[in-house]
Amino acid sequence: MMMKTMMIAGLVAAMAITGAVANMRAATADKDIVETAVSARSFTTLVKALQAADLVETLKGAGPFTVFAPTDEAFAKLPAGTLETLLKPENKAKLQRILTSHVVAGRVMAADVAKTSSAKAVSGATLKIAARDGGVTVDDAKVVKTDIAATNGVIHVIDSVIVPKDE
């Protein structure tokens with residue numbers, strides 16, 4: 001009897017976990033890129049930078065967009081003072097160029113990213129894409145999570161900030 005009760009409890013727990021994952025995916029699928037980034041809570045610096053660069057409304061637009069989104073930890077890897085300097089109003093154009101170097105027009109899923117060697121960013125920069133050691137890099141930033149769906153595109157999480165070579 002006890003074994004049967006434990007099995008039923010395990011089944012109920014598994015169903016609850018499965019339902020929670022399904023709800024999380026459904027919740028993500030009904031949010032745009034910015035809302036998805038905000039709800040993830042690991043992109044607070046990116047969202048702050050998008051606000052400073054006046055790019056929030058653009059990424060809330062119809063798209064579709066593919067965003068290679070650096071985490072808060074990725075921004076923390078920048079040299080001391082870099083982020084603070086970029087967030088100043090007088091550096092808005094430079095910040096816009098850096099952030100739009102993380103965006104590709106269209107919905108490019110991970111399977112497609114891995115099959116190409118480059119992509120044209122919205123900034124005009126050409127992003128170098130390489131599949132190696134079982135992973136993918138975009139301009140040397142490692143893709144750590146892929147295919148986060150949004151209503152107007154897809155997010156791939158990266159571990160470094162992409163800074164155009166001429167910045």
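In the block above lies the structure referred to throughout.
An account of the accompanying structure is given in this report. No experiment lies behind these values; they were computed from the predicted model shown.

## A closer look at the nonpolar core
Point 1. Leu-46, Leu-50, Leu-59, Val-67 and Leu-99 are the most contacted members of the largest nonpolar core, which totals 29 residues.
Point 2. At four residues, the largest contribution of residues to this core is made by helix H3 (residues 44–52).
Point 3. Listed in part, the 13 residues of the second largest apolar core include Val-136, Ala-141, Val-143 and Ile-162.

## Observations regarding helix H2 (residues 33–40)
Point 1. Every buried residue of H2 is listed here: Ile-33, Val-34, Thr-36 and Ala-37. Looking straight down H2, one finds its buried side chains confined to an arc of 160°; they lie on one side.
Point 2. Within two residues after H2, Arg-41 carries a phi angle of roughly 65°, on the positive side.

## Regarding the packing of H3 against helix H7 (residues 92–100)
The relative placement of two packed helices is expressed as an angle between their axes plus a distance between the axes.
Point 1. One way to put it is that H3 packs onto H7 with a least axis distance of 9 Å and a crossing angle of 130°. Considering their axes alone, H3 and H7 lie oblique with respect to each other. The two elements H3 and H7 cross, and the hand of that crossing is left-handed. Listed contacts from H7 to Leu-46, Ala-49, Leu-50 and Ala-52 of H3 are Lys-92, Leu-95 and Leu-99.
Point 2. For the contact of H3 with H7, a count of residues per class yields six nonpolar, no polar and one charged.

## A closer look at the side chain of Thr-100
Point 1. Locating Thr-100 in the fold gives a position in helix H7.
Point 2. Apart from residues lying up to four places away in sequence, Thr-100 is in contact with Leu-55, Ala-121, Val-122 and Ser-123.

What counts, and where the lines are drawn
- Residues numbered from 1 in each chain as written.
- Predicted model: local features only at pLDDT ≥ 70, side-chain atom pairs only at ≥ 80, totals over all residues.
- Heavy atoms only, no water.
- Core = buried A, V, L, I, M, F, W, Y, C linked by side-chain atoms within 4.5 Å.
- Buried < 20%, exposed > 50% of the residue type's maximum accessible area, 1.4 Å probe, protein only.
- Helix = DSSP H or I, 4+ residues; strand = E, 2+ residues; numbered from the N terminus.
- Arc of directions from axis to C-beta.
- Axes fitted to C-alpha atoms, helices over the stretch in contact; angles between N-to-C directions.
- Parallel < 35°, antiparallel > 145°, perpendicular 65-115°, else oblique.
- Left-handed = near helix turned anticlockwise from the far one by under 90°.
- Contact = heavy atoms within 4.5 Å.
- Nonpolar A, V, L, I, M, F, W, Y, C, P; charged D, E, K, R; others polar.

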